[in-house]
Amino acid sequence: MTNLVVKSKMAAFIPGIGKILCRVSPLLLQNIRQNKRLFVRLWTKDVFPGMQYSVSLCTAASLEIPSDAAEASARYKDSPWDYLESEEYIARYGNSPVWSDYRRNHKGGIPPQKTRKTCIRGDKICGNPCPICRDPNIIIHHQNVKLLQQFISPYTGMVYDGTRTGVCEKQQKQLNKAIGAARDHGLLAFQIPHVDFAGEDYSNSHDAVGLTPAPPTVNSSNPWYWWYDTIQPDETEVAKVRKTYKAYLK
């Protein structure tokens, strides 16, 4: 009895499919590849006429910014350093760096050795953008010193690698360029290695930087400068020079 009911339902369903195929115009068949969502929507309406849906099957990532966020971005565009002192920034990040709570999604337990090249490609944005790309109010500028200091180690003065902060390669290049410009303008301090000059004579008492002595006489065996006799050339280097210019030596 159950098999008969199933067969009867299938027999009633087959003519419905034939009607659907007849309703599809040749022009629609040509545009299936260009507009697959329209074809799927027409098919679902014919097979399930009572079905109500409002969400599209495939939607592109929208980069539209709300009006409030657009006004904030326009306000911080000319002075991006004001955002780090605003209440909005303090409520979101507090006293921590912008990358402290960021965790990149990746496959497996071992993170990749490089970050992604960029988070935004045209009108598409990745699912987990980097700490700079996820907040439109964060703008990299060489005068935005408080932001740049978050990406510099306070112990070594070196710029953090992107694998630690999670910043994409595109924004990491902008960070390195802005930090270099800030140091050139004197906005950021950088450590100069100390060199000990103990034992070296840099005064003007040396004959090489002092007054030139009188030339010795022709018959005198004394050198023009007293240190000429103290300098002994390396025998290995002299042998190399003689070998190189052997054909020209008499």
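Our structure's up above, just so we're on the same page.
In short, a report on the structure. (Residues numbered from 1 in each chain as written. Predicted model: local features only at pLDDT ≥ 70, side-chain atom pairs only at ≥ 80, totals over all residues. Heavy atoms only, no water.)

Re the overall build of the protein
Part 1 of the reasoning: For the protein, the count of helices and strands is nine helices and two strands.
Part 2 of the reasoning: Reading the protein from its N terminus to its C terminus gives the helix and strand order α-α-α-α-α-β-β-α-α-α-α.
Part 3 of the reasoning: Here the protein holds 250 residues, and 22% of them are scored as buried.
Part 4 of the reasoning: By sequence separation, contacts in the protein at least 24 residues apart represent 57% of the contacts at least 6 residues apart. (Helix = DSSP H or I, 4+ residues; strand = E, 2+ residues; numbered from the N terminus. Buried < 20%, exposed > 50% of the residue type's maximum accessible area, 1.4 Å probe, protein only. Contact = heavy atoms within 4.5 Å.)

Remarks on the packing of aromatic side chains
Part 1 of the reasoning: For the coordinates displayed, the defined rule picks out four aromatic pairs.
Part 2 of the reasoning: Between Tyr 83 and Tyr 89 the ring centres are 5.5 Å apart and the planes differ by 75°, which places this aromatic pair in the edge-to-face class.
Part 3 of the reasoning: Grouping aromatic residues by their ring pairs yields a cluster made of Tyr 76, Tyr 83, Tyr 89 and Tyr 93.
Part 4 of the reasoning: Looking at Arg 164, its charged tip hangs above the ring of Tyr 160, at a distance of 4.3 Å from the centre. (Phe/Tyr/Trp six-rings, centres within 6.5 Å; stacked < 30°, edge-to-face > 60°. Lys NZ or Arg CZ within 6 Å of the ring centre and 35° of its normal.)

What to know about the side chain of Ser 79
Part 1 of the reasoning: Counting through the fold element by element, Ser 79 comes out in the loop between helix H4 (67-78) and helix H5 (87-93).
Part 2 of the reasoning: A distance of 2.7 Å separates a polar atom in the side chain of Ser 79 from a polar atom in the side chain of Asp 82. (Polar contact = N/O pair within 3.5 Å; in protein donor to acceptor, adjacent residues only side chain to side chain.)

Considering a nonpolar patch on the surface
Part 1 of the reasoning: A contiguous nonpolar surface patch, about 480 Å² in accessible area, is contributed by Val 241, Tyr 245, Tyr 248 and Leu 249.
Part 2 of the reasoning: Within the secondary structure, Leu 249 is located in the segment after helix H9 (235-244). (Patch = residues over 30% accessible without salt bridge, like charges linked within 9 Å, V, L, I, M, F, W, Y side chains within 5 Å. Areas by Shrake-Rupley, 256 points an atom, 1.4 Å probe, with all protein chains shown as cover. Salt bridge = Lys/Arg side-chain N within 4 Å of Asp/Glu carboxyl O.)

Considerations on the pattern of salt bridges
Part 1 of the reasoning: Scanning the entire structure with this criterion turns up three salt bridges.
Part 2 of the reasoning: For the salt bridge of Arg 134 with Asp 101, the shortest nitrogen-to-oxygen distance reads 3.0 Å. Separated by 33 residues along the polypeptide, Arg 134 in the loop between strand E2 (124-125) and helix H6 (145-149) and Asp 101 in the loop between H5 and strand E1 (120-121) bring together distant segments of the chain.
Part 3 of the reasoning: For Arg 134, a relative accessible area of 24% gives the class partly exposed.

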